[in-house]
Amino acid sequence: MKLSLDTMNERERRLVTIGGVVGAVLLIFGVVLPLDSSVSKAQARVGQKQADLVWMQAVGPELASSGPVATKPSSRESLLVVVDRAARESGLGNSLTSSEPSGEGRLRVRLEKAQFDILVGWLARLSEQNGIGVESATVDNAGAPGIVNAGLVLQLK
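In what follows, the accompanying structure is described. Here the structure is a predicted model, which means the values were calculated and not measured.

Helices and strands together make up the secondary structure of the protein chain, namely 3 helices and 4 strands. N-terminal to C-terminal, the α/β element order of the protein chain is α-α-β-β-α-β-β. Its C-alpha radius of gyration of 30 Å places the protein chain more than 25% over the 15 Å reference for a compact globule of 157 residues. In terms of overall dimensions, the protein chain has C-alpha extents of about 100 × 35 × 30 Å along its principal axes.

Put into structure tokens, the structure is as follows:
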């Protein structure tokens, strides 16, 4: 049996034509447009990642040249005093919500709504200048971009 629009009556032709148009519209709006949107978002993410890479490559030599300053504790002060003072000097004094000893040479620290960049710089400074390393860390987003809540266990190296 041969099917074509010529062999169909007027009602069937109209039904097939309208069905074809509806199918084409569904294909365009259901597949093509969402796919195009996803590709656009992916391209934007790639562009942002490339910009981040360029920035990191520009800053890398500066960070590498700074190098570690010291690996031994600079004084005989307690770990709690050193960490608290360094936090205040780095601008994290208001974010430091608790610090309690957690065994010999260890300190459990909690920071709320801290700027991530400052937090990382503070930890690097503690490591380089005071010989204090991170034994464990939990960092969670605190809502705004770049603002975090962190739970840390710091330890003398």
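Summed over the entire model, instances satisfying the criterion amount to 7 salt bridges. A salt bridge links E77 to R85, with the shortest nitrogen-to-oxygen separation between them at 2.6 Å. For E77, a relative accessible area of 37% corresponds to the partly exposed category. Across the pair D84 and R88 runs a salt bridge, and its minimum N-O distance is 3.1 Å. Highlighted residues: D84 and R88, both in helix α2 (residues 79–90), separated by 4 residues, approximately one helical turn. Taken together, the salt bridges that share partners define one network made up of E77, R85, E89 and R125.

Compared with the 84 Å implied by 1.5 Å per residue over 57 residues, the 83 Å span of helix α1 (residues 10–66) between its first and last C-alpha is a close match. The sharpest bend along α1 comes to roughly 35 degrees, located at V59, with the proline P61 sitting one to four residues further on. Here α1 starts with a cap whose side-chain oxygen sits 3.1 Å from the backbone nitrogen of R11, and that cap is N9.

So, on to a nonpolar patch on the surface. There is a patch of nonpolar side chains on the surface, built from V21, V25, L27, I28, F29, V31, V32 and L33 and spanning about 710 Å² of accessible area. Following the sequence through the fold, L33 ends up in helix α1.

If you walk across this open sheet you meet the 4 strands as β1-β2-β4-β3, and the pairing is antiparallel. The sheet terminates laterally at β1 (96–101) and β3 (132–141), the two strands that pair on one side only. Across this sheet, the average inter-strand angle for adjacent strands is 15 degrees, counted without regard to direction. The sheet contact formed by β3 and strand β4 (residues 147–156) spans 9 bridges and is antiparallel.

Turning to the pairing of strand β2 (residues 106–115), a few remarks are in order. Note on strand geometry: in a regular strand, side chains alternate between the two faces of the sheet. Relative to β2, β1 is paired through 5 bridges, and the arrangement is antiparallel. Bridging across to β2, L96 finds its partner in L111. If you look at the hairpin formed by β1 and β2, you'll find 4 residues sitting between the two strands, and G103 has a positive phi there, around 100 degrees. Relative to β4, β2 runs antiparallel, the two sharing 8 bridges.

Cut-offs used in this document
- Residues numbered from 1 in each chain as written.
- Predicted model: local features only at pLDDT ≥ 70, side-chain atom pairs only at ≥ 80, totals over all residues.
- Heavy atoms only, no water.
- Helix = DSSP H or I, 4+ residues; strand = E, 2+ residues; numbered from the N terminus.
- Rg over C-alpha atoms; globule rule 2.2 N^0.38 Å.
- Salt bridge = Lys/Arg side-chain N within 4 Å of Asp/Glu carboxyl O.
- Buried < 20%, exposed > 50% of the residue type's maximum accessible area, 1.4 Å probe, protein only.
- Expected span 1.5 Å × (residues − 1).
- Bend = angle between axes of the 7 residues up to and from the residue.
- Polar contact = N/O pair within 3.5 Å; in protein donor to acceptor, adjacent residues only side chain to side chain.
- Patch = residues over 30% accessible without salt bridge, like charges linked within 9 Å, V, L, I, M, F, W, Y side chains within 5 Å.
- Areas by Shrake-Rupley, 256 points an atom, 1.4 Å probe, with all protein chains shown as cover.
- Pairing = 2+ DSSP bridges.
- Axes fitted to C-alpha atoms, helices over the stretch in contact; angles between N-to-C directions.

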